[in-house]
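Per-entry structural report
Here is what each chain is made of, one letter per residue.
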Amino acid sequence: MLDVGRHPNIELMAYSEVEKVEGTAGDFKVTVRRKARYVEEDKCTGCAACTEKCPTIVSDAFNQGLGTRRAIYSWFAQGIPSTHTIDPDYCRQLLGKKCGICQKTCQADAINFEQKDRIIELHVGAIIVAAGYDVFDPSVIPEYNYTNIANVITALEFERLLSASGPTGGHLDRPSDRAIEAEIEDLAKKVKKLQKAVEKFEKKYDETSSEFYQAYQDGNYKDDEERGQWAEKYAGYLAVREPLETLKKKAEGFSAAKKLAFIQCVGSRDFRFYPFCSGYCCMHSIKEAIIAHEHGAETTSTIFGMDIRAVGKGFEEYKIRGGNHSNITYCRSRIAEITHGPDNNPVVTYEDTQEQRVKSEEFDLVILATACAPGKGAKQLSEILAIELNAFGFFKTSKSQPLDTTREGIFVCGCAHGPMDIPESVSQGSSAAARAVQVVVANRDSEEEKIRQAS
Ligand SMILES: Cc1cc2nc3c(=O)[nH]c(=O)nc-3n(C[C@H](O)[C@H](O)[C@H](O)COP(=O)(O)OP(=O)(O)OC[C@H]3O[C@@H](n4cnc5c(N)ncnc54)[C@H](O)[C@@H]3O)c2cc1C
Ligand code: SF4
Ligand code: SF4
């Protein structure tokens, strides 16, 4: 990515969208909308001083909603270009309220609330679609209870929990524990506020709240409005303090998730959804289980699947190494359901297809290896480019030329084409570039020939 940012022959147009494509192979006119960032790319140094001061906190989509970001943000730490962007859906200033704190903070003078979208026209010989994929939504499989059990998460969410730059700093904190910790924080704020209020009354009347409250409940001070307020605040304080203490006690027992279950083929190899194998998920589950074990030597993982498809050089050895050195057990099985267990532990009920027995086991965390699904924007992009999609919603290609779409001069690579891992996506990218060069060179040669004949 860094190389792409620096390459003299590559112009990177991030935060931009293709709106129209006209012309033919060798001579396309492409209309691109460069969306307003409200931050001048050439001035922003990526120092993040603005982000630190921005008061608007929103859910962070890059962290799969497991963390938060500010209204001015960079999508992720190593992004190219390293410029920040203001989210117009949340920024107070852009929504007509008063703020502008980022503008006052930015020493590079990069904030520009007047910035507008720009429409750019490009003349290109060939186009390569590398728009990728989206992960399958597991909530459509009700027996997995993804939306009902906090500690059933997707592999992508698990990747963010594992990441040192993720919302937990790489600690395997369970979502149910994090929700309780957030509740504790919230209740602690309320207790602090109410405590301050009752302390004012205690000072004024030189009496403890508990003594006063007893007298108040015994029927004293009924006509005293101010003491009535004191009683109300103290009752509120008591009502909040008790659940806070209970939750704090509960949280003392929290620890990182140690017993993990990985469920394979969630939406893949399933005739209800995608009948084909997504190719990479067996390996990413093994990778995630190995990394989890590196985080905590006592971590154990069970990978539930029909089989493990370790197809690639060194993949089988990697799988075996995971079993021998990273506490991974591979269980040939079919999952019947995932249910609520004690302490927010998900319980996996499955058929062990080797023993032909139905079993149940409790885990700290269940991770769903969701299928590779077509990108949500694939249909719209296919209409803009006037190219077809296949029956599953990926970009359709020629049987004899597997990177050629249904329109001459437009090629596809990576997961926009179908499920594949990073090395395969990269090599397809190189192949697509080679196909694109053929179109560009052929067009240049024919233009030169025309000029030669005319002169
Ligand atoms: C949990 C998980 C873990 C994985 N771990 C591994 C691993 O360890 N090793 C491995 O080899 N593979 C792994 N994979 C697979 C890997 O994610 C894919 O192979 C890879 O991302 C495919 O690359 P791509 O460039 O085709 O698509 P993507 O990575 O999806 O990139 C496509 C890009 O195009 C952008 N885009 C989409 N539409 C448009 C548009 N209209 N205009 C402009 N831009 C657009 C998207 O925002 C995105 O940035 C993992 C997958 C998952 C789900
Ligand atoms: S103007 Fe918008 S982006 Fe800037 S600090 Fe305020 S809310 Fe955040
Ligand atoms: S790679 Fe493994 S988990 Fe993914 S669809 Fe294929 S068999 Fe299932």
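Conventions used here
- Residues numbered from 1 in each chain as written.
- Chains lettered and ligands numbered in written order.
- Predicted model: local features only at pLDDT ≥ 70, side-chain atom pairs only at ≥ 80, totals over all residues.
- Helix = DSSP H or I, 4+ residues; strand = E, 2+ residues; numbered from the N terminus.
- Rg over C-alpha atoms; globule rule 2.2 N^0.38 Å.
- Buried ≥ 20, exposed ≤ 12 C-beta atoms within 10 Å, placed from the backbone.
- Contact = placed C-beta atoms within 7 Å.
- Pairing = 2+ DSSP bridges.
- Axes fitted to C-alpha atoms, helices over the stretch in contact; angles between N-to-C directions.
- Domains from an automatic or database assignment.
- Near = placed C-beta within 6 Å.
- Nonpolar A, V, L, I, M, F, W, Y, C, P; charged D, E, K, R; others polar.
- Core = buried A, V, L, I, M, F, W, Y, C linked by C-beta atoms within 7 Å.
- Parallel < 35°, antiparallel > 145°, perpendicular 65-115°, else oblique.
- Left-handed = near helix turned anticlockwise from the far one by under 90°.
- Expected span 1.5 Å × (residues − 1).

1. Structural notes on the overall build of the protein
Along its length, the protein carries eleven helices and 18 strands. Against the globule reference of 23 Å for 455 residues, the protein gives a C-alpha radius of gyration of 29 Å, more extended than a compact globule. Here the C-alpha coordinates of the protein stretch approximately 110 × 65 × 35 Å along the principal axes. The 455 residues of the protein split such that 30% are buried. Once local pairs closer than 6 in sequence are excluded, the contacts in the protein between residues at least 24 apart make up 63%.

2. Topic: the sheet that holds strand E12 (residues 300-305)
In any sheet, the strands associate via hydrogen bonds between backbone groups, in a parallel or an antiparallel arrangement. If you trace the seven strands from one edge of the open sheet to the other, you get E10-E16-E11-E12-E13-E14-E15, paired in mixed fashion. The sheet terminates laterally at strand E10 (152-154) and strand E15 (357-362), the two strands that pair on one side only. Between one strand axis and the next, the sheet turns by 40° as a mean value, whatever way the strands run. For strand E11 (residues 259-266) and strand E16 (residues 365-370), the ladder comprises five bridges, and the chain directions are parallel. In the sheet register, Ile 263 faces E16, and the bridge partner there is Leu 368.

3. Overview of the domain arrangement of the protein
What the domain assignment reports for the protein is domain 1 (36-116), domain 2 (138-168 + 256-373), domain 3 (176-252) and domain 4 (375-454). Here domain 1 and domain 3 have C-alpha centroids that lie 39 Å from each other.

4. Some words on unusual backbone geometry
Excluding glycine, a negative phi dihedral is what most residues carry, and trans is how most peptide bonds are arranged. Here the residue pair Ile 80 and Pro 81 is connected by a cis peptide bond, since its omega of -5° sits within 30 degrees of zero. Relative to the helices and strands, Pro 81 resides in the loop between strand E5 (72-73) and strand E6 (85-86). We note that Gln 64 has phi near 55°; this positive angle belongs to a residue other than glycine. Given 19 C-beta atoms within 10 Å, Gln 64 falls into the partly exposed group. Although it is not a glycine, Asn 145 adopts a positive phi angle of roughly 55°. Residue position: Asn 145 is located in the loop between strand E9 (133-135) and E10. Judged by C-beta crowding, with 17 C-beta atoms within 10 Å, Asn 145 ranks as partly exposed.

5. A few points about the site of ligand 3
Near ligand 3 you find Gln 264, Cys 265, Ser 268, Arg 269, Cys 277, Ser 278, Gly 279, Cys 281, Cys 282, Gly 305, Arg 309 and Ala 369, and these make up its full shell. When grouped by side-chain class, the residues that make up the shell around ligand 3 number five nonpolar, five polar and two charged.

6. Overview of the site of ligand 1
Lining the immediate environment of ligand 1, one finds 23 residues, of which Ala 131, Gly 132, Gly 414, Asp 421 and Ile 422 sit closest. Contributing elements (two or more residues each) for the shell around ligand 1: E9, helix H4 (155-162), helix H8 (281-295) and helix H11 (422-454). Taken together, the residues of the shell around ligand 1 sort by class into 13 nonpolar, six polar and four charged. Residue-level mapping places the shell around ligand 1 at the junction of two domains, with at least three residues from each of domain 2 (138-168 + 256-373) and domain 4 (375-454).

7. Notes on the sheet that holds strand E1 (residues 16-24)
Reading across the sheet, the three strands line up as E1-E2-E7 and stay open at both edges, with antiparallel pairing between neighbours. The sheet terminates laterally at E1 and strand E7 (118-124), the two strands that pair on one side only. Between one strand axis and the next, the sheet turns by 20° as a mean value, whatever way the strands run. Pairing of E1 with strand E2 (residues 27-34), which is carried by eight bridges, proceeds in the antiparallel orientation. Counterpart to Glu 17 in the pairing with E2 is Arg 33.

8. Points about the nonpolar core
Counting 67 residues, the largest nonpolar core has Val 366, Ile 367 and Leu 368 as the members making the most contacts within it. In terms of domain composition, this core takes at least three residues from each of domain 2 (138-168 + 256-373) and domain 4 (375-454). Setting aside its immediate chain neighbours within four residues, Ile 367 contacts Ile 153, Ala 155, Phe 158, Leu 260, Ala 261, Phe 262 and Glu 288. With 14 residues, the next largest nonpolar core counts Tyr 38, Ala 71, Tyr 73 and Ile 86 among its residues.

9. Some details on the environment of Gly 219
Here Gly 219 is to be found in the loop between helix H6 (209-217) and helix H7 (225-252). Taking the C-alpha atoms as reference points, Gly 219 and Met 283, 64 residues apart in sequence, are found 70 Å from one another.

10. Side note on the packing of H6 against H7
Where H6 contacts H7, the two axes come as close as 10 Å, and the packing angle between them is 110°. For the element pair H6 / H7, the angle class is roughly perpendicular. Both H6 and H7 take part in a crossing whose hand is left-handed. For the pair H6 and H7, the contacting residues are Ser 209, Phe 212, Tyr 213 and Tyr 216 in the first and Arg 227, Trp 230, Ala 231 and Tyr 234 in the second. Looking at the contact of H6 with H7, its residues break down into six nonpolar, one polar and one charged.

11. Let's talk about H11
Along its 33 residues, H11 runs 48 Å from first to last C-alpha, staying within 8% of the 48 Å computed at 1.5 Å per residue. Along H11, the residues classified as buried are Gln 428, Ala 432, Ala 436 and Val 439. Buried positions along H11 lie against strand E8 (127-129) and strand E18 (410-412).

12. Some thoughts on the packing of H8 against helix H9 (residues 315-325)
At a closest axis distance of 10 Å, the pairing of H8 and H9 adopts a crossing angle of 40°. For H8 against H9, the interelement crossing comes out left-handed. Each of Met 283, Ile 286, Ala 289 and Ile 290 in H8 lies in contact with H9, whose residues at this interface are Phe 315, Tyr 318, Lys 319 and Gly 322. Per-class residue counts for the contact of H8 with H9 are six nonpolar, one polar and one charged.

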